[in-house]
Amino acid sequence: MSAAAESPFLRDNFAPIHEETEAADLKVIGEIPREIDGMFLRNGPNPQFDPPGAYHWFDGDGMLHGTQLRDGRATYRNRWIRTQGFQKEHAAGKAIWGGLFEMPQFDNPDGAFKNTGNTALVHQADRLLTLWEGGPPHQVRTPSLETVGLQDFHGKLTCPMTAHPKVDPVTGEMVFFGYSPIPPFCTYGVVSARGEIVRLEPIELPSAVMMHDMAMTENFSILLDLPLCFDLERAMRGEPPIHFDDQRPARWGILPRHGDNGDVRWFETAPCYVFHTSNAYEEDDAVVLHGCRMERTDVLVDDGAQQDANNARMHRWRFDLASGEVQEERLDDVATDFPRVNETRLGRKNRYSFNAAFEREASQAPRFEGVTKYDQETGAIQRHRYGPDRFAGEAVFAPRPGAREEDDGWVMTYVHDERENADELVILDGRDLSAGPLARVQIPVRVPYGFHAAWIPAEQYDD
Ligand SMILES: [Fe+2]
């Protein structure tokens, strides 16, 4: 058996599918609220060809799974993202690039790694972008899911772009960063509401680290310099080039949105890792951040290890800009990650976070058994579980048109039933997860587990 075939990420519902499908008038258990008009989209890895070597979950070609909802009816469509790497491999009829566990192809003129576009989605400046943190994003059209191509902002994007830029819901600006194992280790940028890069600033870090997410407030951006370090000496010895250094503090850099390296104020806490932030906002003289904190992470070294320290838990940090002090507080003992909020409140004081809840039984590959709603004002926690042997991915919040309350809308995610080998789009009432699904839209094909999702209201469609 090859190393690739042994990967838990090529088995069961992590295994790729090989068809692109379109299916209209899907069966629904319950009723899709008629006010819902838009597309739920989820990105994720789906290798076009068998990997040539060891396979990591992060390696697969990006595939989008979209469910368009209108007038109480649903249409499903899945499409691979036609990246340059996808097309080269398609023409070759086989995989060319190895993955994260293999030696980078420094002699490949098309890139040492394949930009799969497989990680996340963001809509900004009338464009839907699919993101991959090692390179530029790709633009995709909705609802057709056709790939437009690489988006390098007229050649101005000279660094990779995080999979998690943040869009200001009031100004339309987008803030982002890119990290690199060679200097500058971090670059911070701002895209105007019209879609032009208007700021690109190198940020000094003590050493090269992997940075997955960031956060934004009305006036500040927050960069996460956490000790998941690149170590070239280790790589030369044949060890994994990335490791968690528990001798190094976690550093949190806060800078004005249009600031530069000299404006960054760094705060330090005990070492930790945060893959995903929920939201941040300003309150009095402080910046408040919510996110999912791990004691450490071996995810890039140990292929999905599930030791408890690797499990993320919802936390709150308060960075006092006047005193320079930082407070860190755990909000839940149960492991959750992939936090999402009502994005019309991004960067502003918000109350609710909807997080994916890890399954409580340890397994070789991470699966999510439910969705957890945190009320950050009262501390109340509401949990919905999808049922025995049913697992989901990230749940996103779609606001009800005209809603005034922050949680007035719907929480949506794909759920896979491992016993029935069946998939559905589950729609929950954001105000009351415990009421159970309003609608369960039956997807006629398997939807493999994936990464990040997005809600695209119909007024944002391109086609
Ligand atoms: Fe992510």
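Above: the structure in question.
Residues numbered from 1 in each chain as written. Predicted model: local features only at pLDDT ≥ 70, side-chain atom pairs only at ≥ 80, totals over all residues. Heavy atoms only, no water.

(A) Layout of the sheet that holds strand E8 (residues 138-140). The strand order across the open sheet built from four strands is E6-E7-E8-E9, with neighbouring strands paired in antiparallel fashion. The outermost strands of the open sheet, each flanked by one partner alone, are strand E6 (120-124) and strand E9 (147-150). The mean inter-strand angle of the sheet, taken between neighbouring strand axes irrespective of direction, is 30°. When strand E7 (residues 127-131) meets E8, the two strands line up antiparallel, connected through three bridges. Of the residues in E8, the one forming a bridge with Leu128 is Val140. (Pairing = 2+ DSSP bridges. Helix = DSSP H or I, 4+ residues; strand = E, 2+ residues; numbered from the N terminus. Axes fitted to C-alpha atoms, helices over the stretch in contact; angles between N-to-C directions.)

(B) Here's a closer look at the coordination of the iron ion. Protein coordination of the iron ion is provided by His164 (NE2), His212 (NE2), His276 (NE2) and His452 (NE2), with donor distances spanning 2.1 Å. Every donor counted, the four donor atoms about the iron ion form angles of 89 to 168° at the centre, which fits irregular coordination. Given the relative accessible area of 10%, His212 is considered buried. For His276, a relative accessible area of 5% translates into the label buried. (Donors = N, O, S within 2.8 Å, 3.2 Å for Na, K, Ca; no water. Tetrahedral: all angles 85-135°; square planar, octahedral: opposite > 155°, others 65-115°. Buried < 20%, exposed > 50% of the residue type's maximum accessible area, 1.4 Å probe, protein only.)

(C) Looking closely at unusual backbone geometry. The step from Thr142 to Pro143 runs through a cis peptide bond, and the omega angle for that step is 0°. Looking at the element boundaries, Pro143 is found in the loop between E8 and E9. Phi is positive for Asp71, close to 50°, though the residue is something other than glycine. Following the sequence through the fold, Asp71 ends up in the loop between strand E4 (62-70) and strand E5 (73-80). One non-glycine residue, Phe338, adopts positive backbone phi at about 55°. A relative accessible area of 11% places Phe338 in the buried class.

(D) Just the sheet that holds strand E33 (residues 453-457), in detail. Taken in spatial order, the five strands make up an open sheet running E1-E5-E4-E3-E33, and their pairing is antiparallel. Both outer strands of the open sheet, strand E1 (22-23) and E33, are each paired with one neighbouring strand and no more. Of the strand pairs in this sheet, strand E3 (residues 38-45) and E33 are connected by five bridges, and their pairing is antiparallel. Paired with Phe40 across the strands is Trp455, a residue of E33.

(E) Spatial organisation of the pattern of salt bridges. Enumeration according to the criterion identifies 42 salt bridges in this entry. Taking the shortest distance from any N to any O, the salt bridge between Asp37 and Arg70 comes out at 2.9 Å. Residue Asp37 is located in the loop between strand E2 (28-30) and E3, and its partner Arg70 is located in strand E4; the two are separated by 33 residues in the primary sequence. Arg70 gets classed as partly exposed once you look at its relative accessible area, which sits at 46%. Notably, a salt bridge pairs Arg351 with Asp375, separated by 2.8 Å at the nearest N-O pair. Taken together, the residues Arg351 in the loop between strand E24 (336-340) and strand E25 (352-358) and Asp375 in strand E26 (residues 368-375) connect sequence positions 24 residues apart. Each of Glu35, Arg400, Asp408, Asp429 and Arg431 takes part in one network of salt bridges that share partners. (Salt bridge = Lys/Arg side-chain N within 4 Å of Asp/Glu carboxyl O.)

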